[in-house]
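# Analysis of the macromolecular model
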Amino acid sequence: MWFFRYLFTNLYRAVQTSNGRHLLWLFFRYAGRPRHQSGTIPFLRYRFQVPDALSFVWQFKEIFADESYRFQTDSAEPVILDCGANIGSSLAYFRQNYPKSRIVAFEADPDIGAVLNQNLTSNRIEGIEVVNKAVWINEGGIDFGSGEADSASLFSETNRRRVPSVRLRDYLLRELHVDMLKIDIEGAETDVLIDCRDALAHVRNLFIEYHAYIGHPQTLGTVVQILEENGFRYYIDSNQSRVRPFINHRYRGNDVMDLQLNIFAYRP
């Protein structure tokens, strides 16, 4: 289990910070609950409705304990575009750490979008423009499958439905600068980045959660090429554990991921 790997390798670092200690408390308090059941979890100064407790604990680790979305800026009012805002954990982090930022948040799944809006309202996380549409390459809509926990995927065959979409490129071209562009859109990231490859010049920091699904091409090379041609430096990290990659890559099903990476791109 990911948490025990994290615990054994990062225990000393975790207990040195209040958020790290809070992560340990959240895990032992909530991560053992039955999967895919909604409930309410208090954390830090917030109280969130969550569709799946374990998924939320994982979000807390990445966002608040590891601070994966922290970036440097000299802008008094940073511009943040959050593509794949999910239930709002990242928005709580951005508003807390960049209180004067202007934030536009996108969420494709209508059910998760309802939870997102509820969490923002009940926790008084204000001043965020929420767009309950999928980030895509046009405004014609896109077919998404809804996951059991808290995410929708372009490649999932479960509960597929058409959702409205927006073209991210149009939003980027409206801005004079974007201090943080977060893209966590469950498989649609490569198509969107290809469409935006000539609109990234004024993006300072870019986070991409890259996904590769069985039965579909792996496109990491394309993503990296777009970053390089736009002058980004980048760092790639993975939370997957594949001890014997030549053996344990034999997954089954076209909606199963065989690779998930965090890509941190920034301008020197």
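Report follows, based on the coordinates. (Residues numbered from 1 in each chain as written. Predicted model: local features only at pLDDT ≥ 70, side-chain atom pairs only at ≥ 80, totals over all residues. Heavy atoms only, no water.)

## Some remarks on the pattern of salt bridges
- Within this structure, the stated rule accounts for eleven salt bridges.
- Asp143 is the salt-bridge partner of Arg162, the closest N and O atoms lying 3.1 Å from each other. Linking Arg162 in strand S9 (residues 161-163) with Asp143 in strand S7 (residues 142-146), this pair joins segments that are 19 residues apart in sequence.
- Taking the relative accessible area as the measure of exposure, Arg162 reaches 52% and is therefore exposed.
- Put simply, Asp198 and Arg169 hold a salt bridge, and the shortest N to O gap is 2.9 Å. In this pair, Asp198 sits in the loop between helix H7 (189-195) and strand S12 (205-213) while Arg169 sits in helix H6 (residues 168-174), placing the two residues 29 residues apart along the sequence.
- Linked through salt bridges whose partners overlap, the residues forming this network are Asp109, Asp111 and Arg161. (Salt bridge = Lys/Arg side-chain N within 4 Å of Asp/Glu carboxyl O. Helix = DSSP H or I, 4+ residues; strand = E, 2+ residues; numbered from the N terminus. Buried < 20%, exposed > 50% of the residue type's maximum accessible area, 1.4 Å probe, protein only.)

## As for unusual backbone geometry
- Positioned with a positive phi, Arg124 is a non-glycine residue whose angle comes to about 55 degrees.
- For Arg124, the position within the fold is in the loop between helix H5 (110-122) and strand S5 (128-131).
- Not every positive phi belongs to a glycine, and Glu186 is a case in point at roughly 50 degrees.
- Within the secondary structure layout, Glu186 lies in the loop between strand S11 (180-183) and H7.
- Given a relative accessible area of 14%, Glu186 falls into the buried group.

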